[in-house]
Amino acid sequence: LLIGSAFTQSGGSVTGLDMTLSGSTVDLWNGSLSATLYLGDFGSGQVNLHGGQIDSSYIGITDGDFSQNGVSVSNGGLQVGGFNSELFGRYSLNDGVLMSGDVTVNNGYFYQSNGVHTVTGGISIYGFFDDYDPVFFGNYTLQNGYLNSSSISQGVFGSFSQINGTNSVSGDLSLSATSYSLSGGMLTVSNTIVEPGRLVEADAFFSTDFLQSGGLHRVANMLLCAGHYHLDAGALIAPVIIVGGQLDLGASPAASVSNAVSFELAGIVQLSSSTQHLAATALSGNSVINFNSGNSKLTFANSSGKIWMPGLTLTISNWNGFASGSGPDQLFFGNAGNGRAAAQLQGIRFVNPAGFPAGTGLE
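A quick note: this is a predicted structure, and the numbers were derived from the prediction, not measured. Per chain, residue numbering runs from 1 following the sequence as it is written. Reporting of local features is limited, given that this is a predicted model, to residues whose pLDDT is at least 70; pairs of side-chain atoms are given and counted only at 80 or more, and all residues count toward the totals for whole chains, interfaces and linings. To obtain the side-chain values, all non-hydrogen atoms of the structure were included, while hydrogens and water were left out.

Colleague: Outline the nonpolar core, supporting the account with residue identities and numerical values.
Modeller: What we call a nonpolar core is a set of buried Ala, Val, Leu, Ile, Met, Phe, Trp, Tyr and Cys residues that are connected through their side-chain atoms within 4.5 Å. Exposure is judged per residue with a 1.4 Å probe applied to protein chains only, and the accessible area is read against the type maximum: over 50% gives exposed, under 20% gives buried, and values in between give partly exposed. Core analysis: the biggest nonpolar cluster contains 73 residues, and Y91 and I289 have the highest contact counts within it. Think of it this way: any DSSP run of H or I at least four residues long counts as a helix, any run of E at least two long counts as a strand, and we number them from the N terminus. Broken down by element, this core gets its largest block of residues, six residues, from strand β3 (residues 25-39). Contacts between residues were defined by any pair of non-hydrogen atoms, one from each residue, lying within 4.5 Å. Apart from the residues lying within four places of it in its own chain, the contact partners of Y91 are I61, F66, Q68, V73, L78, V80, L98, Y109, F110 and Y111. Membership of the second largest hydrophobic core comes to five residues, among which are F129, V156, A204 and F206.

So, in structure tokens, the structure goes:
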């Protein structure tokens, strides 16, 4: 237990320690330190790594700062932050190699500006909200460098901000009542799951948002969007896309979608000056295609063989096109007249189409 003191190591090997830092500082310049580290149980702790290496079974940062600069750190588990309104944990990976088992960020902040972070387990990022208690926030920011993990799970007030760099997730990226922001770099995942927003308390609803303003989001299998996906710019590659919430497609060519296998719609697709080519579509719920603004063209592959559930409606809103199929706004199923089955046509309705009598009518 170090209280109001300093520990400096410039070489050699120190092993077998359990170190609790409260109002204390550790500076490692060289050598190796094998210790279980706890920061901030009784006051803020500080760890500054300038060289050498740390091997730890566990690093817990309840209150304080852990700064890694071009060194090697391994740990069986890493927790950043704890549920206390007056305490806040921070981990800064500025360079070097960080090997972790599982990583939990709550009421804390993990900032990676460079280096390599490999997580053999999963990353869990979440906060906490209650009407009568403090609000806790968790965040992982990837500014640059490489992050590899088996999964990322984000809960309420647990956000991820990717500005650049590479984030490789071998399993699922799951979002619930929170947000992932991708403005640059590359995100690769097996599946991306954007869950519906939910009530956290009786009067507190939190949406679930994937915010893409740049970069590449490559999904090996499926994008399930039951919340809200905003594609303002950048590239989205997903063989299977299921929309039960809302998918916003921004202006082309800045925003692009590659969808080769299937597209299932039970929600809203909104276009803003966007031209996109998607896979054959199935209709599994009442849905809307909204030509929101600008001139947009949406083309689905031949969908005549796809299942459109009986009695469901696909509503086309704000469409400004020509009956011949051309015009400022265009919607196509396949490249010939048989791109939809006759029964499917009965469920397509245009709401107040430009140049036609007001009202809702069959295509």
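Colleague: Describe in detail the packing of aromatic side chains, supporting the description with residues and values.
Modeller: Only centres within 6.5 Å qualify two rings of Phe, Tyr or Trp (six-membered ring in Trp) as a pair; their planes then separate them into stacked at under 30 degrees, edge-to-face at over 60, and tilted for everything else. Inspection of the entire model under this criterion finds 15 aromatic pairs. Pairing F210 with Y229 gives two aromatic rings, centres 4.6 Å apart and planes at 5 degrees, and the pair type is stacked. Residue F210 is located in strand β22 (residues 209-225), and its partner Y229 is located in strand β23 (residues 228-237); the two are separated by 19 residues in the primary sequence. Here F210 matches Y229 in class, with each residue buried. Among the aromatic side chains, those forming a connected cluster through ring pairs are F66, Y91, F110, Y140, F160, Y180, F210 and Y229.

Colleague: Outline the pattern of salt bridges, supporting the account with residue identities and numerical values.
Modeller: For salt bridges, the criterion is a side-chain nitrogen of Lys or Arg within 4 Å of an Asp or Glu carboxyl oxygen. Under the defined criterion, the tally for this structure stands at one salt bridge. Across the pair D65 and R90 runs a salt bridge, and its minimum N-O distance is 2.5 Å. With D65 in strand β7 (residues 64-80) and R90 in strand β8 (residues 89-105), the pair connects residues that are 25 residues apart, well separated along the chain. The exposure class assigned to R90 is partly exposed, which follows from its relative accessible area of 27%.

Colleague: A description of the environment of E195 should follow, citing residues and the corresponding values.
Modeller: For E195, the location among the structural elements is in the loop between β19 (186-194) and β20 (198-201). For E195, a relative accessible area of 31% corresponds to the partly exposed category. C-alpha separation for the pair E195 and S174, spaced 21 residues apart in sequence, amounts to 7.4 Å. For E195, the residues in contact, after removing those within four places along its chain, are L175, S176, T208, A226 and G227.

Colleague: Tell me about the environment of T36, residues and numbers included.
Modeller: Within the secondary structure, T36 sits in strand β3. Every residue in contact with T36, bar those within four places of it in the chain, is listed here: L17, D18, M19, S56, S57 and Y58. One polar contact links T36 to D18, side chain to side chain, over a distance of 3.3 Å. Polar contact criterion, stated in full: a pair of N or O atoms within 3.5 Å, where within protein one must be able to donate a hydrogen and the other to accept it, and residues adjacent in sequence count only if both atoms are side-chain atoms.

Colleague: Explain the pairing of strand β15 (residues 158-162) residue by residue, including any values.
Modeller: Burial of β15 is one-sided: the residues G158, F160 and Q162 facing one way are buried, the residues S159 and S161 facing the other way are not. For two strands to count as paired, DSSP must find a minimum of two bridges between them. Where strand β12 (residues 138-142) lies against β15, five bridges are found, and the strand directions are parallel. By the bridge assignment, T141 is partnered in β15 with S161.

Colleague: Just give me the short version of unusual backbone geometry, but keep the residues and values in it.
Modeller: With glycine set apart, most residues show a phi of negative sign, and most peptide bonds adopt trans. The residue after S252, namely P253, is reached through a cis peptide bond having omega 5 degrees. Residue F157 is not a glycine yet carries a positive backbone phi of 60 degrees. Within the fold, F157 resides in the loop between β14 (151-154) and β15. With relative accessibility at 21%, the residue F157 sits in the partly exposed group. Even without a glycine there, the phi angle at S273 is positive, about 50 degrees. Residue position: S273 is located in the loop between β28 (268-272) and β29 (275-278).

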